[in-house]
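Next come the chains, spelled out residue by residue.
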Amino acid sequence: MSAASGRTPRWVAYDVLRAVHSSDAYANLLLPRSLVRAGLSGPDAALATELTYGTLRREGTYDAIIADAAGRPVSAIDPAVLDALRLGAHQLLAMRTPTHAAVNETVRQVRMAAGTSASGFANAVLRRVSERSREEWLERLDASARSDDERLALRYAHPVWVIRAFRRALAAEGRADELDALLEADNVSPIVTLAALPGLAERPEDAVATPYSPIGFRSGGGDPGTVVAASDGRVRVQDEGSQLAALALSRAVPVREGEVWLDLCAAPGGKTAVLAAEALAHSARLEANEVSPARAGLVRDSVAGVPLQVPVSEEDGRTRAGRGRYDRILVDAPCTGLGALRRRPEARWRKQPADVPALATLQSELLDAAVEALAPGGIVAYVTCSPHLAETAGIVAETLRTHPGELEELDARAVVARISDAPIDLAAGDGEGAGGARAQLWPHRHGTDAMSISLLRRR
């Protein structure tokens, strides 16, 4: 059965989970289309969204609970049945769904998806799950853990390697005691934040201003998509951390008329749009680049509402930039995305430690290309949506080492603090010297994605 034919929130969520696990689909891309096809809106769409994202975020915890209740590892359970059990566990342990409704609806799903014999198994497993509260199950998992890292992994549904990377990043700021708060924040749905492009749009009168970004706001009520659709591209849904990263480059130092800027890895284009508006306001020129033709199209769409010609090239950023041409360059580098696990819940289960070295190599090469393309006095903002030190402080330190005497690191923390509408807690980190002026944002501390921002200037 499909979501389109079922037209219920549970079936939409189930179909998305099946696509995520069987076809490597991305929930944040597939779910909106599935909601439209199923004709769901309002509370039904909200229910489908919570079922999908909530289940994916805590999948590791639910798998451990299901394995305990079933008396077998989840690898021995039919994948189609397992996804239904995950949805059922989320309803039983994290939502206010009555037990009989959660069990009966899940058993019905299993019967339709995998047959009558599987439905009896599902009924027995969910009855066992329902015998304990969420906290009782977590205490049981705590007792079964072989190490503190494994305990955190089971309780907060993060792979052990991610937990260790987060701990190191927080410890570099002297904030290792915030680890539990960070892991918990990763499992909470982010508040939808919008950006009013500077000089082109204003925050609506009923909007709630974001605490830090001077262009950010939260909808005062209703569907934020309506606000976006009515703005001709001048209001966009955009994380507050992403807004601050773009503004840190455009407002690091005063803009001279006629400056030329480059967004080197521009897709999907949210930061490009902010930079375009800023360039328009200061009589600067902006170019953008995105190696993927399909994603380059997203960038063109993102800047369509800005009355500024922004050429978008489709080249490898490592060879695109040229030499000594640009006054400001944004390198929003491809990364593990560990800073956006609230929005891309399946990413935590897909990424592996082995992904980091190849990404770090690419990040270094892109930043090196940007440095070569800077005019004297030019500034590059190196940004990742990851707090992993190998993708952040390590890249900056290596770049400074390989360009001795050419670069100086600006105090990104001071720049972000100056831009911010309210005092912002940006802990000093990374030790003394290279990388020590990096600004690191956090979901638990700032309510943003875990965005890392470094600023380097050619002498």
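Our structure is the block above this text.
Reading guide: rules and limits
Residues numbered from 1 in each chain as written. Predicted model: local features only at pLDDT ≥ 70, side-chain atom pairs only at ≥ 80, totals over all residues. Heavy atoms only, no water. Core = buried A, V, L, I, M, F, W, Y, C linked by side-chain atoms within 4.5 Å. Buried < 20%, exposed > 50% of the residue type's maximum accessible area, 1.4 Å probe, protein only. Helix = DSSP H or I, 4+ residues; strand = E, 2+ residues; numbered from the N terminus. Contact = heavy atoms within 4.5 Å. Polar contact = N/O pair within 3.5 Å; in protein donor to acceptor, adjacent residues only side chain to side chain. Phe/Tyr/Trp six-rings, centres within 6.5 Å; stacked < 30°, edge-to-face > 60°. Lys NZ or Arg CZ within 6 Å of the ring centre and 35° of its normal.

**Considering the nonpolar core**
Inference 1: Leu85 and Val129 are the most contacted members of the largest nonpolar core, which totals 52 residues.
Inference 2: At the level of elements, helix H2 (9–23), helix H3 (27–38), helix H4 (42–57), helix H5 (59–70), helix H6 (79–94), helix H7 (99–114), helix H8 (116–129) and helix H9 (134–144) are the ones that each hand at least two residues to this core.
Inference 3: It is H6 that contributes the most residues to this core, 9 residues altogether.
Inference 4: In contact with leucine 85, not counting residues within four places along its chain, are Ile66, Ile77, Thr106, Phe121, Ala122, Val125 and Leu126.
Inference 5: Ala252, Val383, Leu441 and Ile453 belong to the second-largest nonpolar core, a separate cluster that totals 50 residues.

**Quick notes on the side chain of serine 213**
Inference 1: Looking at the secondary structure, you find serine 213 in the loop between strand E2 (208–209) and strand E3 (216–218).
Inference 2: A polar contact is formed between the side chain of serine 213 and the side chain of glutamine 243, at a distance of 2.6 Å.
Inference 3: Non-local contacts of serine 213, meaning those with residues more than four positions away in its chain, are made with Arg203, Glu240, Gln243, Leu244, Leu247 and Asp421.

**Notes on the packing of aromatic side chains**
Inference 1: Tallied over the full model, the rule gives 1 aromatic pair.
Inference 2: Geometrically, the ring pair formed by tryptophan 11 and tyrosine 14 is edge-to-face, given 5.4 Å between the ring centres and 85° between the ring planes. In this pair, tryptophan 11 and tyrosine 14 are both assigned in helix H2, 3 residues apart and thus about one turn of the helix distant. The exposure classification of tryptophan 11 matches that of tyrosine 14, with both residues buried.
Inference 3: In this structure, arginine 132 is placed above the aromatic ring of tryptophan 137, and the distance from its NZ or CZ to the ring centre is 4.9 Å.
Inference 4: Taking the ring centre of tyrosine 26 as reference, the NZ or CZ of arginine 350 above it sits at 5.1 Å.

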